Structure formats: C-alpha cells, structure tokens
Amino acid sequence: MSDPRDYKHDLSSDQKPVDESTARPYLSVQFACCGVYQRIYRDRDGQSYHGRCPKCGKPVRFAVGQGGTDSRFFIVR
Ligand SMILES: [Zn+2]
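Predicted model only: the values in this text are computed from it and were never measured. (Residues numbered from 1 in each chain as written. Predicted model: local features only at pLDDT ≥ 70, side-chain atom pairs only at ≥ 80, totals over all residues. Heavy atoms only, no water.)

Peer 1: Help me understand the overall build of the protein, please; the structure alone is not making it clear to me.
Peer 2: The number of helices and strands found in the protein is 0 helices and 6 strands. Written out in order from the N terminus, the α and β elements of the protein read β-β-β-β-β-β. In the protein, which comprises 77 residues, the share counted as buried stands at 36%. Long-range pairs, those at least 24 residues apart, make up 43% of the contacts in the protein with a sequence separation of at least 6. Of the accessible surface of the protein, which amounts to about 5,000 Å², a share of 46% is contributed by carbon and sulfur atoms. (Helix = DSSP H or I, 4+ residues; strand = E, 2+ residues; numbered from the N terminus. Buried < 20%, exposed > 50% of the residue type's maximum accessible area, 1.4 Å probe, protein only. Contact = heavy atoms within 4.5 Å. Areas by Shrake-Rupley, 256 points an atom, 1.4 Å probe, with all protein chains shown as cover.)

Peer 1: When you look at the coordination of the zinc ion in this model, what are you seeing that I'm missing?
Peer 2: Only Cys33 (SG), Cys34 (SG), Cys53 (SG) and Cys56 (SG) from the protein coordinate the zinc ion, and they sit 2.3 to 2.4 Å from it. Its 4 donor atoms give the zinc ion angles of 104 to 117 degrees at the centre, a pattern that matches the tetrahedral case. Positions of the donor residues of the zinc ion along the chain correspond to the pattern C-C-x18-C-x2-C. The class for Cys34 is partly exposed, based on a relative accessible area of 25%. (Donors = N, O, S within 2.8 Å, 3.2 Å for Na, K, Ca; no water. Tetrahedral: all angles 85-135°; square planar, octahedral: opposite > 155°, others 65-115°.)

Peer 1: Is there a simple way to think about the side chain of Arg42 in this case?
Peer 2: Position of Arg42 relative to the elements: it lies in strand 3 (residues 36–42). Side-chain polar atoms of Arg42 contact the side chain of Tyr49, separated by 3.2 Å. (Polar contact = N/O pair within 3.5 Å; in protein donor to acceptor, adjacent residues only side chain to side chain.)

Peer 1: Teacher, can you tell me more about the nonpolar core here?
Peer 2: Across soluble globular proteins, nonpolar side chains show a tendency to be buried alongside one another. If you look at the biggest cluster of nonpolar residues, it comprises 12 residues: Leu27, Val29, Phe31, Val36, Ile40, Tyr49, Cys53, Val60, Phe62, Val64, Phe74 and Val76. If we skip the residues at most four places from it in the chain, Ile40 touches Pro25, Tyr26, Leu27, Val29, Tyr49, His50, Gly51, Arg52, Val60 and Phe62. (Core = buried A, V, L, I, M, F, W, Y, C linked by side-chain atoms within 4.5 Å.)

Peer 1: Explain the pairing of strand 5 (residues 59–64) to me, please; I cannot follow it from the model alone.
Peer 2: On any regular strand, side chains alternate: one points to one face of the sheet, the next to the other face. The pairing of strand 4 (residues 48–52) with strand 5 spans 5 bridges and is classified as antiparallel. Pairing of Ser48 across the sheet is with Ala63, part of strand 5. Taking the residues that link successive antiparallel strands as the turn, the strand 4-strand 5 hairpin has 6 residues, and the phi of Gly57 there is positive, at about 85 degrees. (Pairing = 2+ DSSP bridges.)

Peer 1: I would appreciate a short explanation of the pattern of salt bridges in the present structure.
Peer 2: Two side chains of opposite charge can pair, provided their charged atoms sit close to one another. What the rule picks out here adds up to 1 salt bridge. The salt bridge partner of Asp19 is Arg39, with a shortest N-O separation of 2.7 Å. Placement of the pair is Asp19 in the loop between strand 1 (10–11) and strand 2 (26–31) and Arg39 in strand 3, with a sequence separation of 20 residues. Judged by its relative accessible area of 7%, Asp19 is buried. The partly exposed category is assigned to Arg39, whose relative accessible area is 41%. (Salt bridge = Lys/Arg side-chain N within 4 Å of Asp/Glu carboxyl O.)

Just distances and angles here, no functional claims.
What follows is the structure, encoded as structure tokens:
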C-alpha cells in the first residue's frame, strides 16, 4: 500500500536525541510501507525533519512545533 499523503506531526524542539557523528537531532521512524526503520534528521533550519523510506523512497516530513509530542519514535503508514 502506498499513500501519497504528506504526514505532519507537531514535535517539541527539545528532548530529542542527537546523533553523535552529525550533532543533528533525529527521529526514529518505521516505514510501514516496507517494514523498515530509518533515522530522519532535523533540517538545517531547525523547523522540520525530512526523511525518505530507504526502500521505496516515500517521503516523510515532520514539523517542529512548540507543545508537540515528546515522542521520538513514529510509524509512517
Ligand atoms: Zn517504503
């Protein structure tokens, strides 16, 4: 199943893990389309996270917003 919709979630900008090699915050995302996991990193502008399914290329975007969830693991369907 492929869903072309762009998924957006409000995320708090704090309390996210930071990749030690890139010093960039990231989210852990499971792409349900292909059953694979992928880290997606915060954009340089700090306003959103962009990623892509490593298998089918399905794009995903998470917006950073105050009052958002502190969760750092997401499932993209
Ligand atoms: Zn996929």
